[in-house]
Structures are given as C-alpha cells and as structure tokens.
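Coordinate inspection notes
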Amino acid sequence: MTDSKAQVICLDGPSGVGKGTICLAVARDLDWHILDSGSLYRITALQVLRQFPDSGTDSIKVTQLAEIAKNLSVTYTEKDGQLMIVLDGEDVTQSIRTEQMGAKASEIAAIPEVRTALLQRQRAFLQPPGLVADGRDMGTVVFPDAELKIYLTASAEERAQRRYKQLKEKGIDVNLASLVEELRQRDERDMNRKTAPLKPASDAIIIDTTTLDIEQVTKEVMFWVNQRITR
Ligand code: DC
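Residues numbered from 1 in each chain as written. Predicted model: local features only at pLDDT ≥ 70, side-chain atom pairs only at ≥ 80, totals over all residues. Heavy atoms only, no water.

**Regarding the nonpolar core**
Note the following rule: Think of a nonpolar core as a cluster: buried Ala, Val, Leu, Ile, Met, Phe, Trp, Tyr and Cys residues, connected wherever their side-chain atoms sit within 4.5 Å. When accessible area is computed with a 1.4 Å probe and restricted to protein chains, residues below 20% of their type maximum are described as buried, those above 50% as exposed, and intermediate ones as partly exposed. Labels follow the DSSP assignment, with helices taken as runs of H or I lasting at least four residues and strands as runs of E lasting at least two, numbered in each case from the N terminus. Between two residues, a contact is recorded if the distance between any of their heavy atoms is within 4.5 Å.
Judged by nonpolar contacts, the single largest core of 38 residues is most densely connected at Leu35, Val114 and Phe143. Elements represented by at least two residues in this core include exactly β1 (7–12), α2 (37–51), α3 (62–70), β4 (82–87), α4 (99–108), α5 (112–123), β6 (130–135) and α6 (138–142). Residue contributions to this core peak at six residues, all from α2. Not counting chain neighbours up to four residues away, the residues in contact with valine 114 comprise Tyr41, Leu65, Ala66, Ala69 and Ile108.

Dropping the structure here:
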C-alpha cells in the first residue's frame, strides 16, 4: 500500500483550523510533496454542479457521482510558490475555495462510493522522499501507517473569526454569525457521516490551536516532525 521509501505526515482536523498553512510550512521545511485532499472533494463538487446545475445531490445517482470523482482530469502544479489546480485545462484554484463549494464538497464527501473513487488517487500522491497530507481521514483511512499523525482542532468561534479576518482582508464582506453557523453545519456533517468521519486517529497527536497563533502551531508541529521523521 504505502511506498516504503516514502514517509507520510497526516494533518487532519475540521474546516478553518489552518491545516493548509501548516502543511505548506512543513512540506517546505522537509522539501516533501503535499496532498490537499479537500481540493479533490471540492473539484468533484464543482464538476457535479456543472454537470447537474439544477439537481440536489440526493437526486443524482450515486454511480454518476462516483463516476465523476473517478474521472477527474486534474493536475496540481506550482505557480509563484503557490499550489495551482487545473481541471480540464482550466485554473480552478480560486473557484473551488468558495463557502458554497466547501458545503457541497462536504455533502458529496458523505457518499461512500465517492470516497472509494478518490482513494487510490490520494494514495498516488505518496512519492519519495515523503508526503504531507491534509484532510479529514488521512490518518484514519488513507494513510493508516503514517509515521506521524497530527489532529488540529480549535473552537468553531475561533475558526470563524480567523476566516472572517481573511475574507475581510480580501475585501469580501461577510457576516461572522453566519460563518460560525456554516462551520458548525460542516463539522456536524463531517463528524457524523458513517464512512470515514472526521475524528483523530487513535495514535494521533492532538493540538488545540484555539489560543495559539500560526507561528506557535507551526513550532509545535515541527517539534513532532523532528521527533518522528528521519530526514
Ligand atoms: O479541507 P476542505 O475544507 O477543503 O474540505 C472540503 C470538504 O471535503 C470537507 O468539508 C469534507 C470533505 N473532505 C473529506 O471528507 N475528507 C477529506 N480528507 C478532505 C475533505
């Protein structure tokens, strides 16, 4: 299953906890590959919305949803030091980041057949010297033998505050209370689905980041990386 020459670090946790930023910092430090697994669910959501613009997920056949997930023609490249995601030749890096796409991704991610369709694609990211994988089930399902599993958490209020600040800085006007509500709904769905729910692996190190800034979290994560990973 896992390539024995490549090591894996899993970073799991709820939406808006800062996994993406930490993942990037760790991958840069180690010069490893990155898997942003949420982007695969978001891209699937985007394709579903494009192919079935007027249908709710419930009214689309599970086999059709799984087929879309299986056949995504997506490539990940780097542009100006940032991850760029290209779907069928189109740069979708920004368009998959909306709250709407996050919510749709969470809905689709609850379907076991969709998860199965994306499993091998996620495992294929594991290449030497190693992979830093960001998601919800990296440590529990996708890479159960990972060298290091970290589960980041923070209160919904704190995560919403961070998101609110980010959006404000981009000039996007949002309502804090509705951000808290959206995060709660997403947590609820991601944690309570039957297949691969969001939860820490039994051997994960849990870091509550509610009162920590990004530098403090990075420092804590790097402490564990230096303990467990052979460079
Ligand atoms: O990490 P993100 O916000 O980009 O993820 C979007 C949704 O995709 C998330 O709410 C649930 C789903 N997801 C998942 O089920 N499993 C993963 N490993 C990653 C994301």
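Next comes the rest of the description.
**A few points about the site of the ligand**
Applied cut-off: Definition of nearness: a residue and a molecule or strand are near each other if at least one heavy atom of the residue lies within 4 Å of the molecule or strand. Under the rule applied, a polar contact is a pair of N or O atoms within 3.5 Å (in protein, one hydrogen donor and one hydrogen acceptor; residues adjacent in sequence only if both atoms are side-chain atoms). Ten residues, namely Ala, Val, Leu, Ile, Met, Phe, Trp, Tyr, Cys and Pro, are considered nonpolar, four, namely Asp, Glu, Lys and Arg, are considered charged, and the remaining ones, Gly among them, are considered polar.
Around the ligand, a shell composed of 15 residues is seen, among which Arg42, Arg115, Arg186, Asp190 and Arg193 lie nearest. Contact distances for the ligand include 2.8 Å between an oxygen atom and a side-chain N or O atom of aspartate 190. Counting only elements with at least two residues in the shell around the ligand, the list comes to α2, α4 and α8 (176–192). It is α2 that provides the largest number of residues to the shell around the ligand, a total of four residues. Residues of the shell around the ligand, tallied by class, amount to four nonpolar, four polar and seven charged.

Read these as layout, nothing more, since geometry by itself doesn't imply function.
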